[in-house]
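Spelled out from the first residue to the last, the chains are:
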Amino acid sequence: MTKKGKYVMTAVLGAVAGIAAEETTIGKLRKKAMNRTKEDSMKFHEFYSILLQWVHMHNEGKKIGAYLKKCGYHTVAIYGMKELGEELLYELKDSEVEVKYAIDRNADELCSDACHVYRPEEELEPVDAVIVTAVHWFDDIERDMKKRVSCPILSLEDIVYEA
């Protein structure tokens, strides 16, 4: 093979390797995007199911505060202050269960007139239970919070199905 032929062959092989690497990268990105879409879909389904059950519960005249009191919980913290957390805080404000504070990873970006919002790693005062509204990540949150608090850690999903 001539020098020119070797040069052309090296260039072709380099280009093929580059294309293969790019396709692998694109494939990984596509797979990551598909996994993110699947994860978002699962979160939306969980959110929808909880809201639907919560409405059903209300239609039957049941309240989360009454359920918590019956279980012996008088003071709680709410973990996760997005939509479900805000609604839980609103529902509990007129109940016999006191929301002492909320916990959220984005506490610095949140503003609540109803209660103080702490980051999970901050010092947390004792409560009877922590209610996790970020149910999609409940297992991870429960594992982390067990290191920080000595009270039960409850999932809002379990509460609305048990109440």
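One can find the structure itself at the top, above this paragraph.
Think of each chain on its own: its residues are numbered from 1, step by step along the sequence as written. pLDDT decides what is reported in this predicted model: residues at 70 or higher carry local features, side-chain atom pairs at 80 or more are listed and counted, and totals for whole chains, interfaces and linings draw on all residues regardless. The side-chain figures draw on all heavy atoms in the structure; neither hydrogens nor water molecules are used.

## Focus on the pattern of salt bridges
Heads up, the condition is: Any carboxyl oxygen of Asp or Glu within 4 Å of a side-chain nitrogen of Lys or Arg constitutes a salt bridge here. Only protein chains enter the calculation, and the probe is 1.4 Å; a residue is then buried if its accessible area is under 20% of its type maximum, exposed if over 50%, and partly exposed in between. Segments assigned H or I by DSSP are reported as helices when at least four residues long, segments assigned E as strands when at least two residues long, and all are numbered from the N terminus.
Throughout the structure, instances matching the rule amount to 9 salt bridges. Across the pair Lys-62 and Glu-60 runs a salt bridge whose closest N-O atoms are separated by 3.2 Å. You can call Lys-62 partly exposed: its relative accessible area is 34%. Residue Lys-100 is joined to Glu-125 by a salt bridge in which the shortest nitrogen-to-oxygen separation is 3.6 Å. Linking Lys-100 in strand E2 (residues 98–103) with Glu-125 in the loop between strand E3 (117–118) and strand E4 (129–132), this pair joins segments that are 25 residues apart in sequence. Residue class for Glu-125 comes out partly exposed when judged on its relative accessible area of 38%. Connected through shared salt-bridge partners, Arg-119, Glu-121 and Glu-122 make up one network.

## Brief notes about the sheet that holds E3
Where we set the bar: Only strands that DSSP links by at least two bridges are regarded as paired with each other. Note on definitions: a residue-residue contact is assigned when non-hydrogen atoms from the two residues lie within 4.5 Å. In this description, a line fitted to the C-alpha atoms serves as the axis of each element, helices being fitted only across the stretch in contact, and the angle between N-to-C directions of two axes falls anywhere from 0 to 180 degrees.
One open sheet accounts for 5 strands, arranged E3-E2-E1-E4-E5; its pairing is parallel. Of all the strands in the sheet, just E3 and strand E5 (153–155) have a single pairing partner and so form its edges. By the bridge criterion, 2 bridges tie E2 to E3 in an arrangement that is parallel. Each residue of the ladder has a partner; that of Ala-102, found in E3, is Val-117. The sheet contacts of helix H4 (residues 138–146) involve strand E1 (75–79), E2, E4 and E5, and relative to E5 the element is tilted by about 170 degrees.

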